[in-house]
Amino acid sequence: MYDNYPQHHVPQNNIVQRFFAQPAGAIVLEMVMTLVITVAAGSAFDLFDPFEGASAASADQAAQVTVAHEPLLPLWDASLAYLSQRRFVAAEAVADVAATSDPTEPLNFALLGTINLHSRDYADAQSDFTAMLALSPASFDGHNALCWAQGELGEFTSALQHCEAALHLAESPLQRASALENRCWLQVEMAAYVAAANDCLAVLELLVDCHNDICALAHYNLGRIALARSEPDAALQHFNLAAHIGSAYAQMYLDIARLYATMGYEVAAERSLMRYQQLTVSDLAAK
């Protein structure tokens, strides 16, 4: 579905934040992000139990979690550093070492799946997140990621089931918005435009005046729906908003460029096409 993850309110000067602050499709692997930020960035962060839902953790609990994962933290940090540079092969190689060293740790498979989503290897991402869910069945992130990966593979029935599971497990407005936006995209792919529009409009109601990737992609999908309904003016409005917010999802810029060109906005079309090419070349070079 999308080539990156939405912004979250995390510390501003660490490798994980720099990576996840790049806009993209509506999935945030908070488990990986939280643990690595805590150690690699030295940030004061309330850890939550990654498999039982968000909750305030005591200093002792946080210390126990850090110690338990200490051998893996340098590997996670190195892999995410490579991933932030879109060096997918190197990122996956390091993540493989982590997974081999501890095949019972769900976060290892979450990291591998994240890398494969970013490199658009959706079949391997599906395998990784399936393995993650085998170890952690109640993971919001695992279900939300499979909604994306299986949707890209055209496995719509199974993808929709994971969308529904993610919505059921969502514990915050941001998680709910993320899951709704994923389901919106999936239903556009399935030509279920009424249901898709309801989901994307719900995203914009949940995240009022937001300028992160979730809202950019909600507008993008509402634009796609408008085009399917032969409403180019409405599509243009949503595409303009999506482009203004910005995303790392290359296909969005290609679709926007096509509409701009059709409507005679040649300069805007060229700019959008250039952004599409930048993202595509970056992906290809990193492979």
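Refer to the structure printed above.
The rules behind these values
Residues numbered from 1 in each chain as written. Predicted model: local features only at pLDDT ≥ 70, side-chain atom pairs only at ≥ 80, totals over all residues. Heavy atoms only, no water. Helix = DSSP H or I, 4+ residues; strand = E, 2+ residues; numbered from the N terminus. Buried < 20%, exposed > 50% of the residue type's maximum accessible area, 1.4 Å probe, protein only. Contact = heavy atoms within 4.5 Å. Areas by Shrake-Rupley, 256 points an atom, 1.4 Å probe, with all protein chains shown as cover. Salt bridge = Lys/Arg side-chain N within 4 Å of Asp/Glu carboxyl O. Disulfide = S-S within 2.5 Å. Polar contact = N/O pair within 3.5 Å; in protein donor to acceptor, adjacent residues only side chain to side chain. Core = buried A, V, L, I, M, F, W, Y, C linked by side-chain atoms within 4.5 Å. Phe/Tyr/Trp six-rings, centres within 6.5 Å; stacked < 30°, edge-to-face > 60°. Lys NZ or Arg CZ within 6 Å of the ring centre and 35° of its normal. Expected span 1.5 Å × (residues − 1). Axes fitted to C-alpha atoms, helices over the stretch in contact; angles between N-to-C directions. Parallel < 35°, antiparallel > 145°, perpendicular 65-115°, else oblique. Left-handed = near helix turned anticlockwise from the far one by under 90°. Nonpolar A, V, L, I, M, F, W, Y, C, P; charged D, E, K, R; others polar.

Caption draft 1: View of the overall build of the chain. Regarding its fold elements, the chain presents 15 helices and zero strands. Looking at the chain residue by residue over its 287 residues, the buried ones come to 53%. Nonlocal contacts in the chain, meaning residues at least 24 apart in sequence, comprise 57% of its contacts between residues at least 6 apart. A total accessible area of about 12200 Å² is found for the chain, and carbon and sulfur atoms account for 55% of it.

Caption draft 2: How the structure looks around the pattern of salt bridges. Applying the stated criterion across every chain, the model contains four salt bridges. Salt-bridge contacts for Glu164 lead to Arg183; the nearest nitrogen and oxygen are separated by 3.0 Å. Of this pair, Glu164 sits in helix H9 (residues 156–169) while Arg183 sits in helix H10 (residues 173–189), and the two are 19 residues apart along the sequence. Glu164 gets classed as partly exposed once you look at its relative accessible area, which sits at 37%. What makes Arg183 buried here is its relative accessible area of 15%.

Caption draft 3: Geometry of the state of the cysteines. Considering all chains together, one arrives at three disulfides under this definition. Sulfur-sulfur distance for the disulfide between Cys184 and Cys200 comes to 2.0 Å. Residues Cys184 and Cys200 are joined by a disulfide whose S-S torsion is about -105 degrees; by sign, that bridge is left-handed. Taken as a pair, Cys184 in helix H10 and Cys200 in helix H11 (residues 193–206) lie far apart in primary sequence, 16 residues in all.

Caption draft 4: Summary view of the side chain of Gln150. Secondary-structure assignment places Gln150 in helix H8 (residues 140–152). With relative accessibility at 5%, the residue Gln150 sits in the buried group. A distance of 3.3 Å separates a polar side-chain atom of Gln150 from the backbone nitrogen of Ala159. Apart from the residues within four sequence positions on either side, Gln150 is in contact with Gln126, Glu155, Ser158, Ala159 and His162.

Caption draft 5: The nonpolar core, seen in detail. Counting residues in hydrophobic clusters, the biggest one holds 26 residues, and the most contacted among them are Trp76, Leu83, Leu111, Ile115, Leu117 and Phe129. Counting only elements with at least two residues in this core, the list comes to helix H4 (73–84), helix H5 (88–101), helix H6 (106–118), helix H7 (122–135) and H8. The greatest single-element share of this core, amounting to seven residues, is contributed by H6. Judged by nonpolar contacts, the second largest core, of 23 residues, contains Leu180, Ala197, Cys200 and Cys210.

Caption draft 6: Quick look at the packing of aromatic side chains. One pass over the structure, following the stated rule, counts three aromatic pairs. The interplanar angle of 75 degrees and the centroid separation of 5.9 Å between the aromatic rings of Tyr220 and Tyr249 together place this pair among those described as edge-to-face. One end of the pair, Tyr220, is in helix H12 (residues 213–228); the other, Tyr249, is in the loop between helix H13 (232–245) and helix H14 (250–262), and 29 residues separate them in sequence. Grouping residues by exposure puts Tyr220 and Tyr249 together as buried. Judged by centre distance (6.4 Å) and plane angle (80 degrees), the rings of Tyr260 and Tyr265 are edge-to-face. In this structure Tyr265 comes out as partly exposed when scored by relative accessible area, which is 42%. An aromatic cluster of three or more residues is present, and its members are Tyr220, Phe239 and Tyr249. Arg275 extends its terminal NZ or CZ atom over the ring of Tyr253, reaching a point 5.9 Å from the ring centre.

Caption draft 7: Spotlight on the environment of Glu152. Structurally, Glu152 is set in helix H8. Distance in space between the C-alpha atoms of Glu152 and Ala123 is 9.0 Å, their sequence separation being 29 residues.

Caption draft 8: Fine view of H13. For H13, with 14 residues, the first-to-last C-alpha span of 20 Å sits near the 20 Å given by 1.5 Å per residue. For H13, the full list of buried residues reads Ala235, Leu236, His238, Phe239, Ala242 and Ile245. Considering only its buried residues, H13 is in contact with H12 and H14. In the segment just after H13, Gly246 is the residue with positive phi, at about 95 degrees.

Caption draft 9: Unusual backbone geometry, seen in detail. One non-glycine residue with positive phi stands out, namely Arg120, at about 65 degrees. On the basis of relative accessibility, which here comes to 33%, the residue Arg120 falls in the partly exposed class. Phi is positive for Ser230, which is not a glycine, with a value near 60 degrees. For Ser230, the location among the structural elements is in the loop between H12 and H13.

Caption draft 10: Just the packing of H5 against H6, in detail. At their nearest, the axes of H5 and H6 sit 9 Å apart, and the two run at 165 degrees to each other. Accordingly, the angle class assigned to the pair H5 and H6 is roughly antiparallel. For the pair H5 and H6, the crossing hand works out as left-handed. Two secondary-structure elements touch here, H5 through Phe88, Ala91, Glu92, Ala95, Asp96, Ala98 and Ala99 and H6 through Asn108, Leu111, Leu112, Ile115, Asn116 and His118. In terms of residue class, the contact of H5 with H6 is built from eight nonpolar, three polar and two charged.

The values are spatial; any link to function lies outside them.
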